[in-house]
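Read off the chains here:
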Amino acid sequence: GSYRASQQRHVDIIPLAILEHRSDTISTPRTEEKMKDTTTTDDSLKGTVKTAPVESESFGNDEGGDAGHGHKMRHGLGWGKGIVSDVKRTILTHWKQEMTNLNSKVIATSFFLYFACIAPAVTFGAIYGKATNNYIGTVEMILATAWCGIVYALIGGQPMMINGGTGPVLAFSEILYKVSKSMDVPFLSLNAWIGIWVAIYMFIGAVMDLNRVIVLCTRFTDEIFSFLISLIFIINAIGSPFSDVGVIHYFDMNHKAHDAYEDQPLYSHWASALLSLIVFIGTTQVAFLLRKFKFSPFLPSQAWRNTMTDFAVVISILIWSVIGNSFSEIPIEKLNVPSKFAPTFQCCDASCTTSWPNDCYGQETPFGPRPWVVNLSDLNGKTWVPFMAAGPALLAFVLVFLDDGITWHLINHPSHKLNHGDAYNWDTIVVGVFVLINSMLGLPWLVAATVRSLNHIHAMAEKLPDGTFVSVHETRLSNLGIHVLVLITIFALDVLKLIPVPVLYGVFLFMGLVSLGSNQFWGRMLMFFMQPSKYPVQPYTQYMAPKRMHLFTAIQLFFFAALYAVKSIKVIAIAFPILIALCIPVRIYLLPKIFNEDELILIDSDPNTVKMWIANKEQEEELLLGGEGGDDDGDEDDEDDVSEHDEEEGAIKPPTPVAAAPARRRRVRTVSMPAGHFMFSEQPSALGPQLRPQMVLGGDAVFRRSLTTPSSQEEVSQIQDTTLEGMDLAAPSSSSTNRKNRPRPSRAQRRANSCPTQNMMFEIQIDTGMGRMQQPLETLNESVTSSRAPEL
């Protein structure tokens, strides 16, 4: 570290041991007892090493927990044991707490995500209606969202997950409808039989603990999938190139939103489009603005600021809904919902094989809606259909299984700091039951909605100003509240017609941008356009060559583009789950041939594994630079010299096994600083950015140091005074020549400065009229002119 002193005429240094003795505000240092050696056998570290202690975070749970971020597939737990383990770990342990921890954040999140769930339900329902000839429509989607959400909130294993409709499942249903038409089999009957087989496959997968395969999905797969879903929300909010969804399409005079006003002579589609754009941007901007109030000085107290942050999206929706409805002469699009609660499909006659009004022209009123329960025997005499359905059901199972599994994997990522555990196998059973019941009622299949689930976590989280998670309020009440509101909506559909669609587009944009903030893949994509010296401080920017990092990002970008293309082309959209599954073997078998193990740990593993790697790297550096196995004579040709560059560009030298290095004493890894005297700052070093103590000097501040760390009052009395007049100031630190020609410290000096122990030596920087000068305090012993005992 470096310290600045302005107009200082007298500077002494006190050992940290004395400062600790004098200050009542010193934090307790990590003791030898707390720093137990942890022996880890890891192939990526090439041997058995003793790792330095790191802050512990949850790698998962002991009983079949999510260890997927550690890159190794766990062993199966035995048939059915994974389900029992999940239930014990989650529902039986935390259910009561999660059902009784109501607070204002829960209420605010319930209203925010209500709008985030009802809007896609209405939108997906309308698209389902067009794709399936109204066999499945808006009412069916709202009903499925409501009942599945309520039941899952009560019995689900991961209450932070939100079920909903997704594009890949919609594409599968659209293709299935075309197949039913070509086979001359009623769509709902074929859909029901396929749903039955999907449920059977889900039950088998849960019993066999098939979810352990999801563990193989590392950041490589998770972030591609997450980025895809986030980008879909953003693109659909701004303007999709493959449909008329998005605020930009309002500027097209042929957009369906303008059809109802064609006969009004004063209506201007330009004015409507401009107002829609203002409402859209305003909704997103106000939500982000109010979200920052928690860390602002405004409002009377912190409780007010927390409430403002929690209700940010809800307040923004209400404000801009009022503004959007205030211009009666400039109408904008509203949600198109049915007027009553009934099946969307209206029959022409009692057989209910034809749809009104498309199949019965001239008939003024429909015979009635279809029955809620699907007739499984209505197969037009094709009794082989139930057996044939097992084939396409296998593909649908892969789609649902991977969609759910990857979303659960993202939810349970260690960076989210969730503590109530996961329940992959139990949740697979629950989702299988949902698919089975929805198939029997002619409702759409619902899976884990990635963006809504991630926004649920963000909304319930306590964060630092930089977005780092501190904790998450894990509760079932928010999920329950969201879907109870959706259920109430079924009986008050006219209220939804007051919400402008551009407001909901603004909510979609907000959700997409929030979920992008924690996506490492997105951050590395932005680095393509950054100056290398300005890269954010991350392990992969500190320890990997930029070319290697960009190569990994480019491979991810290729798979993302392929996924987006397959998803957007309806003819091949059914292959979407296959392409997702292909990412897993690519990561396991192909990438290790391109990148070494150290690089994959840094760029494609969870924070705990990266911390472990850095701790071992740091310990290796200490052993190489300051081992006690040789003489301490300070010879320049010590055997622990390390080459500055690796022969292979971008390669990282694997850590040397610590067991093979000379033994040395344990060192205290933390340093305690008296409040008001020290602060920490992040400084670059050979091991990447590190927190180092920065001394604050000012006025007549006096600090002292001793020749050795004092252990008694007698030794304390030997502390020396040092003045700036006795210093031989070095040239400015920016001079690379001086750094190159500076004599190398001895082994003893390097050992003393290798970590922040109690006898560590500092370096002082002095701002003078002639420029910034620096002086290593290691040489101050030579300039000591007098001594006196410090005033303790």
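A quick note: this is a predicted structure, and the numbers were derived from the prediction, not measured.

Points about the overall build of the protein
So, step 1. Counting secondary structure elements, the protein contains 27 helices and 15 strands.
So, step 2. For the protein, the residues scored as buried account for 51% of the 792 residues in total.
So, step 3. About 36,700 Å² of surface is accessible on the protein, with carbon and sulfur atoms providing 60% of the total.

Some thoughts on the confidence of the model for the protein
So, step 1. This prediction gives the protein a mean pLDDT of 75; 69% of its residues lie at or above 70.
So, step 2. Under a pLDDT of 50 for its full length, residues 694–739 has, in the predicted model, 120 contacts with residues more than four places off or in other chains.
So, step 3. Taken together, the stretch residues 755–792 has pLDDT below 50 and engages in 111 contacts with residues farther than four places along the chain or on a different chain.

Some details on the packing of aromatic side chains
So, step 1. Counted by the stated rule, this structure contains 29 aromatic pairs.
So, step 2. For the ring pair Phe397 and Phe401, a centre distance of 5.4 Å and an interplane angle of 35 degrees mean the geometry is tilted. Here Phe401 and Phe397 lie together in helix 13 (residues 390–411), a separation of four residues that amounts to about one turn.
So, step 3. Among the residues examined, Phe401 registers a relative accessible area of 9% and is labelled buried.
So, step 4. Plain terms: the ring middles of Phe558 and Phe559 are 5.6 Å apart, the flat faces sit at 85 degrees to each other, and that makes the pair edge-to-face.
So, step 5. What links up through ring pairs into an aromatic cluster is the set Phe220, Phe552, Phe558, Phe559 and Phe595.
So, step 6. The cationic tip of Arg524 hangs over the ring face of Tyr540; the distance from NZ or CZ to the ring centre is 5.8 Å.

Things to note about helix 4 (residues 104–131)
So, step 1. Taking 1.5 Å as the rise per residue, helix 4 with 28 residues should run 40 Å; its terminal C-alpha atoms sit 41 Å apart, in good agreement.
So, step 2. Sitting at the head of helix 4, Asn103 places a side-chain oxygen 3.2 Å from the backbone nitrogen of Lys105.
So, step 3. Count one or two residues on from helix 4 and you reach Asn133, which has phi positive near 60 degrees.

With respect to the pairing of strand 9 (residues 469–472)
So, step 1. Strand direction decides the pairing type here: strand 8 (residues 461–463) and strand 9, joined by three bridges, are antiparallel. Residue pairing in the sheet places Glu462 in a bridge with Ser471 of strand 9.

A closer look at the pattern of salt bridges
Pairs may arise between side chains of opposite charge once their charged atoms sit close together.
So, step 1. Scanning the model with the defined rule gives 13 salt bridges in all.
So, step 2. With a closest N to O distance of 2.6 Å, Arg219 and Glu223 form a salt bridge. Taken together, the residues span about one helical turn, with Arg219 and Glu223 both in helix 8 (residues 219–238) at a distance of four residues.
So, step 3. We classify Arg219 as buried; its relative accessible area is 13%.
So, step 4. The class of Glu223 is buried, set by a relative accessible area of 5%.
So, step 5. Connected through salt bridges with shared partners, the residues Lys105, Lys294, Asp310 and Glu462 form a single ionic network.

A word on the packing of helix 13 against helix 15 (residues 450–459)
So, step 1. With their axes 10 Å apart at the nearest point, helix 13 and helix 15 run at an angle of 20 degrees to one another. Classed by the angle they form, the pair helix 13 and helix 15 counts as roughly parallel. Between helix 13 and helix 15 the crossing geometry is right-handed. For the pair formed by helix 13 and helix 15, the contact residues are Asp403, Thr407, Leu410 and Ile411 on the first element and Thr450, Ser453, Leu454 and Ile457 on the second.
So, step 2. Here the contact of helix 13 with helix 15 is built from residues that sort into four nonpolar, three polar and one charged.

Brief notes about the state of the cysteines
So, step 1. Throughout the structure, instances matching the rule amount to one disulfide.
So, step 2. The cysteine Cys217 is free of any disulfide, with Cys583 supplying the nearest cysteine sulfur at 8.5 Å.

A closer look at helix 2 (residues 81–89)
So, step 1. Within the span of helix 2, buried status applies to Gly82, Ile83, Ser85, Asp86, Val87 and Arg89.
So, step 2. Buried residues in helix 2 make contact with helix 3 (91–98), helix 7 (187–207) and helix 14 (424–441).

Looking at a nonpolar patch on the surface
So, step 1. On the surface, Trp79, Ile200, Ile204 and Met208 cluster together into a nonpolar patch covering about 430 Å² of accessible area.
So, step 2. For Trp79, the position within the fold is in the loop between strand 3 (47–51) and helix 2.
So, step 3. Given a relative accessible area of 68%, Trp79 falls into the exposed group.

Examining the environment of Asn306
So, step 1. As for its placement among the helices and strands, Asn306 is situated in helix 10 (residues 302–310).
So, step 2. We classify Asn306 as partly exposed; its relative accessible area is 27%.

Here's the deal with the packing of helix 9 (residues 269–291) against helix 18 (residues 501–516)
So, step 1. For the pair helix 9 and helix 18, the least separation of the axes is 8 Å and the interaxial angle reads 45 degrees. Relative to helix 18, the element helix 9 lies oblique. Crossing geometry of helix 9 relative to helix 18 is assigned as right-handed. Residues Ser276, Val279, Phe280, Thr283, Thr284, Ala287, Phe288 and Arg291 of helix 9 lie in contact with helix 18, whose contacting residues are Pro502, Val503, Tyr505, Gly506, Val507, Leu509, Phe510, Leu513 and Val514.
So, step 2. Each residue belonging to the contact of helix 9 with helix 18 can be placed in one class, and the counts come to 12 nonpolar, four polar and one charged.

Examining unusual backbone geometry
So, step 1. A positive phi angle is found at Leu299, which is not glycine, with a value near 75 degrees.
So, step 2. On the secondary structure map, Leu299 appears in the loop between helix 9 and helix 10.
So, step 3. The residue Asn380 is not glycine, and still its phi comes out positive at about 55 degrees.
So, step 4. Along the chain, Asn380 falls in the loop between strand 6 (368–369) and helix 12 (385–388).
So, step 5. Owing to a relative accessible area of 43%, Asn380 belongs among the partly exposed residues under this scheme.

Quick word on the environment of Ser296
So, step 1. Relative to the assigned elements, Ser296 resides in the loop between helix 9 and helix 10.
So, step 2. On the basis of relative accessible area, Ser296 is assigned to the buried category, the value being 17%.
So, step 3. Polar contacts involving the side chain of Ser296 include one to the main-chain carbonyl oxygen of Phe293, which spans 2.8 Å.

Criteria and thresholds
Residues numbered from 1 in each chain as written. Predicted model: local features only at pLDDT ≥ 70, side-chain atom pairs only at ≥ 80, totals over all residues. Heavy atoms only, no water. Helix = DSSP H or I, 4+ residues; strand = E, 2+ residues; numbered from the N terminus. Buried < 20%, exposed > 50% of the residue type's maximum accessible area, 1.4 Å probe, protein only. Areas by Shrake-Rupley, 256 points an atom, 1.4 Å probe, with all protein chains shown as cover. pLDDT = per-residue confidence, 0-100. Contact = heavy atoms within 4.5 Å. Phe/Tyr/Trp six-rings, centres within 6.5 Å; stacked < 30°, edge-to-face > 60°. Lys NZ or Arg CZ within 6 Å of the ring centre and 35° of its normal. Expected span 1.5 Å × (residues − 1). Polar contact = N/O pair within 3.5 Å; in protein donor to acceptor, adjacent residues only side chain to side chain. Pairing = 2+ DSSP bridges. Salt bridge = Lys/Arg side-chain N within 4 Å of Asp/Glu carboxyl O. Axes fitted to C-alpha atoms, helices over the stretch in contact; angles between N-to-C directions. Parallel < 35°, antiparallel > 145°, perpendicular 65-115°, else oblique. Left-handed = near helix turned anticlockwise from the far one by under 90°. Nonpolar A, V, L, I, M, F, W, Y, C, P; charged D, E, K, R; others polar. Disulfide = S-S within 2.5 Å. Patch = residues over 30% accessible without salt bridge, like charges linked within 9 Å, V, L, I, M, F, W, Y side chains within 5 Å.

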